[in-house]
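Read off the chains here:
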Amino acid sequence: MISKLVSETVGKAVSVPGSTVRFVLSEALTFLTEEIDATQVLMDAIDLNRIVGTLDVDALIGKVDVNRLLDGLDINAVLDTVDLNRLIARLDINAVLDQVDLPKLLERIDLNALLADLDLDAVLDRVDVNALLDGVDMSSVVRGASTTVTTEMISDVRSGSERADDVIEGIVGRMLGRKQGND
């Protein structure tokens, strides 16, 4: 239909002046571009799957300059769009911790270096001694300590008096001429 229309128009246009031909062609092109969706005509006529199937994707990717792409990427703008609270809420911390080899991790820690940097005075300044002492039953501690001391003293006195008894018994036995080991 279009070729017939063009043939007839060209046949008539040969006898028409150039300005008229330009006008007619301009009107024809305007008509064609307004009435016909050229994109849809191309999409209907072209088999994109066939074209894509012939592409060497590996070769295309090999030509991509990733560093150049990354240089143009504004990572801060990307991070500004990330909802970290939502991301963390979805994170299964237990699953992550299950993957940690704790003994191997602890082997990598230099305890001497950590302790060298530790400010014990600052740590002790943070300890509430009064709160610690409030939790201690001092009367029980004193009672337990004095009971232990008293028990040890009584045991020592008994042992000492037993030894003194043995010494006196030996002296008296010798004075009376008794043999040792006899009662």
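Colleague: Go over the overall build of the protein chain with me, naming the residues and quoting the values.
Modeller: If you tally the helices and strands in the protein chain, you get 14 helices and zero strands. Starting at the N terminus and walking to the C terminus, you meet the elements of the protein chain as α-α-α-α-α-α-α-α-α-α-α-α-α-α. Scaling as 2.2 N^0.38, a compact globule of 183 residues should have a C-alpha radius of gyration of about 16 Å, whereas the protein chain reaches 53 Å, well beyond that. Within the span of the protein chain, comprising 183 residues, buried residues form 2% of the whole. Across the protein chain, the mean location of the 17 positive side-chain charges is 5 Å away from that of the 33 negative side-chain charges.

Colleague: Got a sec to walk through a negative patch on the surface? Specific residues and values, please.
Modeller: Side chains of Glu-162, Asp-165, Asp-166 and Glu-169 sit close together on the surface and give a patch of like negative charge. The residue Glu-162 is located in helix α14 (residues 138-175) in this model.

Colleague: Pulling in residues and values, what's your account of α14?
Modeller: The terminal C-alpha atoms of α14 lie 54 Å apart, and with 38 residues this matches the ideal 56 Å at 1.5 Å per residue to within 8%. Downstream of α14 by one or two residues, Gly-177 has phi in the positive range, about 75 degrees.

Colleague: Outline the confidence of the model for the protein chain, listing residues and values.
Modeller: Per-residue confidence for the protein chain averages 81 on the pLDDT scale, and 91% of its residues sit at or above 70. The least confident element of the protein chain is helix α1 (residues 2-13), whose mean pLDDT is 69; the most confident is helix α7 (residues 75-80), at 90.

Colleague: Please provide a residue-by-residue account of the environment of Ile-171, values included.
Modeller: Its place among the elements puts Ile-171 in helix α14. By relative accessible area, Ile-171 is classed as partly exposed at 42%. Placed 120 residues apart in sequence, Ile-171 and Ile-51 show a C-alpha to C-alpha distance of 125 Å.

Colleague: Let's hear about the environment of Ile-93: which residues, and what values?
Modeller: Mapped onto the elements, Ile-93 comes out in helix α9 (residues 93-98). In this structure Ile-93 comes out as partly exposed when scored by relative accessible area, which is 45%. Sequence spacing of Ile-93 and Arg-174 is 81 residues, and the spatial spacing of their C-alpha atoms is 85 Å.

Cut-offs and rules
- Counting from 1, residues in each chain are numbered in the order their sequence is written.
- Only residues with pLDDT of at least 70 are given local features in this predicted model, and only at 80 or more are side-chain atom pairs given and counted; all residues enter the totals for whole chains, interfaces and linings.
- Derived side-chain values reflect all non-hydrogen atoms in the structure, with water molecules and hydrogen atoms excluded from consideration.
- Under the DSSP-based scheme used, a helix requires at least four consecutive residues in state H or I and a strand at least two consecutive residues in state E, with every element numbered from the N terminus.
- Radius of gyration: over C-alpha atoms. The globule rule applied is 2.2 Å multiplied by the number of residues raised to the 0.38 power.
- Remark: exposure states derive from per-residue accessible area (1.4 Å probe, protein chains only) relative to the maximum for the residue type, with buried under 20%, exposed over 50%, and partly exposed in between.
- Positive charges are assigned to Lys and Arg, negative charges to Asp and Glu, while His and the chain termini are left out of the count.
- Charge placement uses NZ in Lys and CZ in Arg. For Asp and Glu, CG and CD serve respectively.
- Like-charged residues within 9 Å of one another, or nonpolar side chains (Val, Leu, Ile, Met, Phe, Trp, Tyr) within 5 Å, are grouped into patches, provided each residue has over 30% relative accessible area and no salt bridge.
- Residue exposure ignores everything except the shown protein chains as possible cover, and the areas themselves are Shrake-Rupley values with a 1.4 Å probe.
- The rule for a salt bridge is simple: a side-chain nitrogen of Lys or Arg has to be within 4 Å of a carboxyl oxygen of Asp or Glu.
- Each residue after the first adds 1.5 Å to the expected span of a helix.
- Known as pLDDT, the predictor's confidence for each residue is given on a scale from 0 to 100.

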